[in-house]
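These are the residues of each chain, in order.
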Amino acid sequence: MTLRISANRLAGLALSTAIIAACSTALEDPMAHADLAPEGAFIELPQGRIHAVVQGQGQDLVMIHGANGNARDFSFDLIERLADEFRVIAFDRPGFGFSDDFGGPESPVLQADILRVAAATLGVEDPIILGHSYGGAVALAWALRAPNDVTGLTLLAPASHPWPGELGIWYKLSASALGQHLVLPLISRFAPRAAVERSLEGVFAPDPVPEGYLDHLGLDLTLRAGQLRLNANQIDSLKGHVEAMAGGYPALTMPIEVLHGTSDTTVGLQYHSKRLEAEVESVNLTRLDGIGHMPHHARPEEVVAAVQRVARRNAEN
């Protein structure tokens, strides 16, 4: 199998490795679910609430997190680096973090539409959209739906195209009735912290997990059964959605900066960012030698520079 969106990693923070640990150590080492307070504000929409962390002043910069993550992935470090120059709006995607699930949208297009409405409620105009991993697909969907209202894109290890092969047994299981109603609730209830830490190490590899990252992200936010179910369904259906989207990419003309690690085994550079570079004239791809799937933690300075390049390229046009 030539799969480069691995079964236990494209979920970003989905805890596929925890299933074995949950079955074997649940009674000995249950994980405590700590309470976390929202860092931002809630945007009231007819179908529910979207949570957004808003900091800084300047041009609007919208951030969209990856699979099974939340806005805290960005507030750990990246938002502060950009808030002096931009008004940063980091959303919890529908059904993740503190956002309501809005019926559990599986399509990146539907998620982008919901976030566009939330952004408009905040008065966002002509934003730069930054998307990581699965969030890159949502950012691309946003640009396809509203190309004249987007200043540009900054994509970090984006999932953009269909890939060879299938996702494998984990997502077949987690998206099945057995997985949805038994396995994922078991993981949600009993996964020990050590299993969560091992999963994070796999997501970040070969780069280290920053000290304090897991506590900041929030164990309880990443292990809720409903979120795990939604995440599994979104990843299971992603290939078909990006296949439908990819035909529209060549028409995108806004500045697009892409950063992708050469050692990323979660979202393979050659199947995603390299194809974007070949198909879209406005794409500038920066290959980060030896970096894995989390460039905004491994190389945050390069991410800041990429956002700044989008703004500069737009001003020069």
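Remember, it's a predicted structure, so these values are computed and weren't measured experimentally.

1. Structural notes on the sheet that holds strand β4 (residues 86-91)
Here is step 1: Across the sheet, eight strands lie side by side as β1-β2-β4-β3-β5-β6-β7-β8; this open sheet has mixed pairing. Two strands close off the open sheet at either side, each with one partner strand: β1 (41-45) and β8 (283-288). Strand after strand, the sheet turns through a mean of 20° between neighbouring axes, direction not considered.
Here is step 2: Two strands pair when backbone bridges link them, and strand β3 (residues 59-64) and strand β5 (residues 128-132) are joined in this way by four bridges, in the parallel orientation. Among the inter-strand pairings, L61 is bridged to a residue of β5, identified as I128.
Here is step 3: Helix α5 (residues 134-145) rests against β3, β5 and β6 (152-156) of the sheet, and its axis sits at about 150° to β5.
Here is step 4: Packed onto the sheet, helix α14 (residues 300-316) meets β3, β4, β5, β6, β7 (256-261) and β8 and runs at close to 160° relative to β7.

2. Remarks on helix α11 (residues 225-246)
Here is step 1: Taking 1.5 Å per residue as the helical rise, α11 with its 22 residues ought to reach 32 Å, and the 31 Å between its terminal C-alpha atoms agrees with that figure.
Here is step 2: By the largest-angle criterion, L238 marks the main kink of α11, which is about 50°.

3. Some words on the layout of surface pockets
Here is step 1: Of the volumes computed, that of the largest pocket is approximately 170 Å³.
Here is step 2: Around the largest pocket, the lining residues are R116, A119, A120, V124, E125, D126, P127, W142, A146 and D149.
Here is step 3: A total of three residues in the lining of the largest pocket trace back to one element, the largest contributor, which is helix α4 (residues 108-121).

Parameters and conventions
- The residue numbers shown here count from 1 along each chain, following its written sequence.
- Only residues with pLDDT of 70 or above have their local features reported here, since the model is predicted, and side-chain atom pairs are shown and tallied only from 80 upward, although totals for entire chains, interfaces and linings are computed over all residues.
- With hydrogens and water stripped out, all remaining heavy atoms of the structure feed into the side-chain values.
- We treat two strands as partners when DSSP finds at least two bridges between them.
- The helix and strand labels rest on DSSP assignments: H or I over at least four residues marks a helix, E over at least two residues marks a strand, and numbering proceeds from the N terminus.
- Helix axes are fitted only over the stretch in contact, all axes being lines through C-alpha atoms; the angle between N-to-C directions runs from 0 to 180 degrees.
- We call two residues contacting when some pair of their heavy atoms lies within 4.5 Å.
- Given the number of residues in a helix, its expected span is that number minus one, multiplied by 1.5 Å.
- We define the bend at each residue as the angle formed by axes fitted to the 7 residues ending at it and the 7 residues starting at it.
- The definitions used throughout rest on a 1 Å grid laid over the protein atoms alone, on which a cavity is an enclosed set of points accommodating a 1.4 Å probe that cannot get out and a pocket is an open set flanked by protein within 12 Å on both sides along at least five of seven lines; lining residues are those having an atom within 4 Å of a point.
- Grid points are joined across faces, edges and corners, and a volume is the space filled by probe spheres set on the points.

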